[in-house]
Amino acid sequence: MDLSLLDLNTPLQIINQGMKESLIGNLGIEVTLTGDGVVEGFLLLSEKNSRPDGILHGGANLAMAETLAGLGSMLLVNLKEFDVLGTQVSGNHTGVLMQGKALAEAKIIHQGNKTHIWNVDVKNEEGRLISTVRVTNMIVKRND
């Protein structure tokens, strides 16, 4: 997938197809909404993203949060000129998921020229918070 072609008008089908053969696809993360400063997605609990006891692995929540926040930042910059690099991810797990989907909503809370900070809440299908995650992305000039 040529990431430099991504923008807010890129269809979700193209975005999800482009991530299918990566960690993102292997964990089952799918993007369901992109907008100016917001990205939503989910993952369905499976043996690929759970602990050995069947509970959703906290690391899968962090990977989903970093994925959505990273994509959000990518959609806000000119990717022909800049690159987006995740520099910090910090999460608090407040619940567990034992079945169904983990639903995530990433919202930008700081959009600077060199850094973007996102808050990502991950909830179960009933709306109960499972994890809350803060993601910082660095915006750097692309070195061709």
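What you see is a predicted model; the values in this text were computed from it and never measured. Residue numbers run consecutively from 1 along every chain, following the written order of its sequence. A pLDDT threshold of at least 70 governs which residues receive local features in this predicted model, and a stricter bar of 80 or more applies before side-chain atom pairs are shown or counted, although totals over entire chains, interfaces and linings include all residues. Calculation of side-chain values draws on the structure's entire complement of heavy atoms; hydrogens and water are dropped beforehand.

Draft legend 1. A look at the overall build of the protein. Strands are runs of DSSP state E lasting at least two residues, helices are runs of H or I lasting at least four, and both sets are numbered from the N terminus onward. Check the secondary structure of the protein and you find three helices and six strands. Helices and strands in the protein line up, N terminus first, as α-α-β-β-α-β-β-β-β. For the radius of gyration, the atoms used are the C-alpha atoms, and the globule rule reads 2.2 Å times the number of residues raised to 0.38. For 144 residues, the compact-globule formula gives about 15 Å, and the C-alpha radius of gyration of the protein, at 15 Å, lands near that figure. The dimensions of the protein, computed from C-alpha atoms along their principal axes, are 45 × 30 × 25 Å. In the protein, which comprises 144 residues, the share counted as buried stands at 40%. Working note: accessible area of the protein is about 7,900 Å², and carbon and sulfur atoms make up 50% of it. Positive and negative side-chain charges of the protein, numbering 12 and 16 respectively, have mean locations separated by a distance of 3 Å. The classification of residues rests on relative accessible area computed with a 1.4 Å probe and restricted to protein chains. Under 20% of the type maximum is buried, over 50% is exposed, and intermediate values are partly exposed. The Shrake-Rupley method, run with a 1.4 Å probe, gives the accessible areas here. Residue values count only the displayed protein chains as cover. When charges are counted, Lys and Arg contribute as positive and Asp and Glu as negative, whereas His and the chain ends are disregarded. Taken as the charge location is NZ of Lys, CZ of Arg, CG of Asp or CD of Glu.

Draft legend 2. Expanded view of a nonpolar patch on the surface. A surface patch of nonpolar side chains, about 280 Å² in accessible area, is lined by Met1, Leu3 and Ile14. Following the sequence through the fold, Leu3 ends up in the segment before helix H1 (12-19). For Leu3, a relative accessible area of 39% corresponds to the partly exposed category. Here a patch means residues that are over 30% exposed by relative accessible area and free of salt bridges, tied together within 9 Å if like-charged and within 5 Å if nonpolar (Val, Leu, Ile, Met, Phe, Trp, Tyr). By salt bridge we mean one thing: a side-chain nitrogen of Lys or Arg within 4 Å of a carboxyl oxygen of Asp or Glu.

Draft legend 3. Quick look at the pattern of salt bridges. Per the counting criterion, the structure on display carries four salt bridges. Two residues, Arg142 and Asp83, come together in a salt bridge whose shortest N-O distance is 3.7 Å. Within this pair, whereas Arg142 is found in the segment after strand E6 (129-141), its partner Asp83 is found in strand E3 (residues 82-93), the two being separated by 59 residues in sequence. Judged by relative accessible area, Arg142 falls into the partly exposed class, the value being 29%.

Draft legend 4. Examining H1 more closely. Residues of H1 that are buried include every one of Ile15, Asn16 and Met19, and no others. Relative to the axis of H1, the buried residues are bounded by an arc of 90° and lie together on one face. Exposed residues lying more than 90 degrees from the buried face of H1 are Gln13 and Gln17. Among the structural elements, helix H2 (23-27), strand E1 (29-35) and helix H3 (58-76) are those in contact with the buried residues of H1. Think of it as the arc spanned by the lines of direction from the helix axis to the C-beta atoms. By definition in these notes, contact holds between two residues if any of their heavy atoms fall within 4.5 Å.

Draft legend 5. Spotlight on the environment of Thr34. Turning to its location among the elements, Thr34 is positioned in strand E1. Note: C-alpha distance between Thr34 and Lys48 (14 residues apart in sequence) is 25 Å. Once residues within four sequence positions are removed from consideration, Thr34 is found in contact with Leu8, Leu12, Ile15, Val39, Leu71 and Leu75.

Draft legend 6. The arrangement of the side chain of His116 in detail. Looking at where His116 falls in the secondary structure, it is placed in strand E5 (residues 115-123). Judged by its relative accessible area of 2%, His116 is buried. Those residues in contact with His116, other than ones at most four positions away along the chain, are Ser73, Leu76, Val77, Ile108, His110, Gln111, Val135, Thr136, Asn137 and Ile139.

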